[in-house]
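Close look at the chain arrangement
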Amino acid sequence: QVQLVESGGGLVQPGGSLRLSCVASGFTFSSRPMRWYRQAPGKERELVAAITSLGGSSTYYADSVKGRFTISRDNAKNTVYLQMNSLKPEDTAVYYCNVLISDNYWGKGTQVTVSS
């Protein structure tokens, strides 16, 4: 069965950095585009970043994170990453890894809190 396990969240001060990881299993990881979403309290879940399959040559970023976040993948480790720099309080949210196969699959999420 498809499993996505996120890690790397935590509490960080504004301007700080975190790197999120999502380890995938149960499907051919290299053949699937991968996405990171986030959901802040009282808000809808939003797409943050996406990366194409295989070499991940193409990426997408929400305007709110462009220039600060970088998505990447390591197909040998079945892992997708989200490097987050220059974090802001408005980046506070639960971050989810996502893959679309026959259905949408989600991890349980990892909490990111940006606060002084």
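One can find the structure itself at the top, above this paragraph.
Below or above, wherever it landed, is the structure these notes cover. (Residues numbered from 1 in each chain as written. Predicted model: local features only at pLDDT ≥ 70, side-chain atom pairs only at ≥ 80, totals over all residues. Heavy atoms only, no water.)

Glancing now at the pairing of strand E5 (residues 46-51). Across 5 bridges, the pairing between strand E4 (residues 34-39) and E5 is antiparallel. Considered in E5, the bridge of Trp-36 is made with Ala-49. Count of turn residues in the E4/E5 antiparallel hairpin: 6 residues, of which Gly-42 carries a positive phi of about 75 degrees. Relative to strand E6 (residues 59-61), E5 is paired through 3 bridges, and the arrangement is antiparallel. (Pairing = 2+ DSSP bridges. Helix = DSSP H or I, 4+ residues; strand = E, 2+ residues; numbered from the N terminus.)

In space, the 4 strands of this open sheet follow the order E1-E3-E8-E7, with antiparallel pairing throughout. At either end of the open sheet lies a strand with only one pairing partner, and these are strand E1 (3-7) and strand E7 (69-74). For this sheet, the mean inter-axis angle between neighbouring strands, taken without regard to orientation, is 15 degrees. Bridging between E1 and strand E3 (residues 18-25) involves 5 bridges; their strand directions are antiparallel. Considered in E3, the bridge of Leu-4 is made with Ala-24. (Axes fitted to C-alpha atoms, helices over the stretch in contact; angles between N-to-C directions.)

Functional significance is not addressed by these values, which are geometric in nature.
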